[in-house]
Amino acid sequence: MGSLGGNSNGLPKVDLSGLGPKCGLGTEAWGAARSTVALALQNYGGFEVVYDRVGPDLRNELLGQLVPEMFSKPAVRVLSDERQLATHGVLFMRAGLPFVALQLAQPNCMNVVQEYARILWPEGNDFFSNTVKKYAGQMEELIQMIHRMILESLGLENHYDSHMKSLINSMRFLKYYKDSSDNGSSIGLSSHQDSTFISIVCQHNVEGLEVQTAVGDEWIYATPFANTFTVLAGEAFMAWTNGRIHAPIHRVKLTKPIEKRYTVVFSTTPSFVDDMINTPEELVDAQNPLLFKPFKYYDYVKVKKDFGSLKAYCGA
Ligand SMILES: O=C(O)CCC(=O)C(=O)O
Ligand SMILES: [Fe+2]
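Residues numbered from 1 in each chain as written. Chains lettered and ligands numbered in written order. Predicted model: local features only at pLDDT ≥ 70, side-chain atom pairs only at ≥ 80, totals over all residues. Heavy atoms only, no water.

Throughout the structure, instances matching the rule amount to 12 aromatic pairs. Measuring from centroid to centroid gives 5.0 Å for Phe197 and Phe237, while their planes differ by 70°, and the two rings are edge-to-face. In this pair, Phe197 sits in the loop between β7 (187-192) and β8 (198-202) while Phe237 sits in helix α6 (residues 235-240), placing the two residues 40 residues apart along the sequence. For the residue pair Phe197 and Phe237, the accessibility class agrees, reading buried in each case. Residues Phe272 and Tyr298 carry aromatic rings whose centres are separated by 5.3 Å and whose planes lie at 40° to one another, so their mutual orientation is tilted. Remark: Tyr298 occurs in helix α7 (residues 297-307) and Phe272 occurs in the loop between β13 (260-270) and β14 (276-277); sequence separation between them is 26 residues. Residue Phe272 is classed as partly exposed on the basis of its relative accessible area of 39%. Positioned above the aromatic ring of Phe225, the side-chain terminus of Lys13 is 4.4 Å from the ring centre. Positioned over the ring face of Tyr176 is Arg261, at 5.0 Å from the centre of the ring. (Phe/Tyr/Trp six-rings, centres within 6.5 Å; stacked < 30°, edge-to-face > 60°. Helix = DSSP H or I, 4+ residues; strand = E, 2+ residues; numbered from the N terminus. Buried < 20%, exposed > 50% of the residue type's maximum accessible area, 1.4 Å probe, protein only. Lys NZ or Arg CZ within 6 Å of the ring centre and 35° of its normal.)

Further remarks concern the pairing of strand β9 (residues 209-212). Neither face of β9 is left uncovered, since the one carrying Leu209 and Val211 and the one carrying Glu210 and Gln212 both have all their residues buried. Relative to strand β10 (residues 219-221), β9 runs antiparallel, the two sharing 3 bridges. Note on β10: the bridge partner recorded for Val211 is Ile220. Connecting β9 to the antiparallel partner β10 that follows it, the hairpin turn spans 6 residues, and Gly216 within it adopts a positive phi of roughly 80°. (Pairing = 2+ DSSP bridges.)

The next subject is the site of ligand 1. Inspection of the region around ligand 1 gives 13 residues, with Arg172, Tyr176, His192, Arg261 and Thr263 positioned closest. Tyr176 places a polar side-chain atom, nitrogen or oxygen, 2.7 Å from an oxygen atom of ligand 1. Between ligand 1 and Arg261 there is a distance of 2.9 Å, counted from an oxygen atom to a side-chain nitrogen or oxygen. When isolated, ligand 1 has an accessible area of 290 Å², and the protein chains bury 97% of it. Only β6 (167-177), β7, β12 (250-253) and β13 provide two or more residues apiece to the shell around ligand 1. A breakdown of the residues in the shell around ligand 1 according to their chemical character gives 7 nonpolar, 3 polar and 3 charged. (Near = heavy atom within 4 Å. Polar contact = N/O pair within 3.5 Å; in protein donor to acceptor, adjacent residues only side chain to side chain. Areas by Shrake-Rupley, 256 points an atom, 1.4 Å probe, with all protein chains shown as cover. Nonpolar A, V, L, I, M, F, W, Y, C, P; charged D, E, K, R; others polar.)

Written out as structure tokens, the structure reads:
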């Protein structure tokens with residue numbers, strides 16, 4: 001447990017396996033891990049986290065078995081119809097990119113996951129529902145710990161409860177495929193910043209994720225180890241922390257002659273009920289003037305492509 005420090009070839013790495021929302025709070029190990037997390041998010045906007053509470057069996061069941069099976073179901077297209085599943089069934093496809101993604105909001109609610117599963121498997125699929133729920137439960141603990149460490153490092157632990165209540169979790173399933181239509185391009189997903197607060201990527205054996213350094217002169221390879229996940233901060237957290245946290249540009253490159261790559265991304269985003277992002281006044285002063293005017297998250301997400309950056313949309 002605790003900090004493993006920086007890594008000249010990759011993102012900083014931290015082991016949070018022995019810590020949890022109910023264990024380790026306030027200990028020396030917690031403080032050391034918190035410092036690594038805070039520094040990594042400030043300088044890189046991300047880090048590799050060792051979290052062996054999600055063991056190899058769960059990772060394999062989800063990414064080696066269920067996610068490939070999901071994408072093989074013809075009914076996967078039904079999930080793209082927002083009228084059917086207004087809050088989560090979004091299918092993203094980028095013209096010319098070998099990439100498909102499915103979104104599931106609130107994967108911690110069993111009835112939501114079961115309803116989602118029934119679209120793909122009309123008879124239901126308890127293995128899918130239980131596995132997704134189990135993975136989401138572990139990821140929720142991890143992401144809550146990361147949010148707590150960030151708020152503590154900013155001296156805002158008194159905001160923790162209201163902050164967490166203002167968020168929901170979501171899960172994204174992604175499939176990349178290399179075929180003759182890609183014209184030899186190695187880009188799987190083009191350069192972007194996530195809109196979210198935090199995203200936790202599980203690459204599961206097949207590399208490809210690259211994160212740009214803050215000064216933008218180099219790409220860092222996020223190497224997929226069997227027991228690590230890649231944590232990335234998004235624009236919502238960058239705005240909320242008044243720029244203390246960096247939201248890194250990242251992309252996916254499919255350089256190996258692989259046929260398919262599957263990943264799962266677990267994220268925190270504002271709740272659908274109140275999605276206003278407001279920087280706490282404690283983080284604004286003469287030395288740190290407000291960087292982003294308050295904005296409604298889902299309104300921004302809808303027009304993000306037209307603006308190109310959060311700064312262009314609501315920079316103060
Ligand atoms: O598939 C990956 O490794 C990263 C996916 C990603 O960046 C995203 O979904 O926003
Ligand atoms: Fe991303």
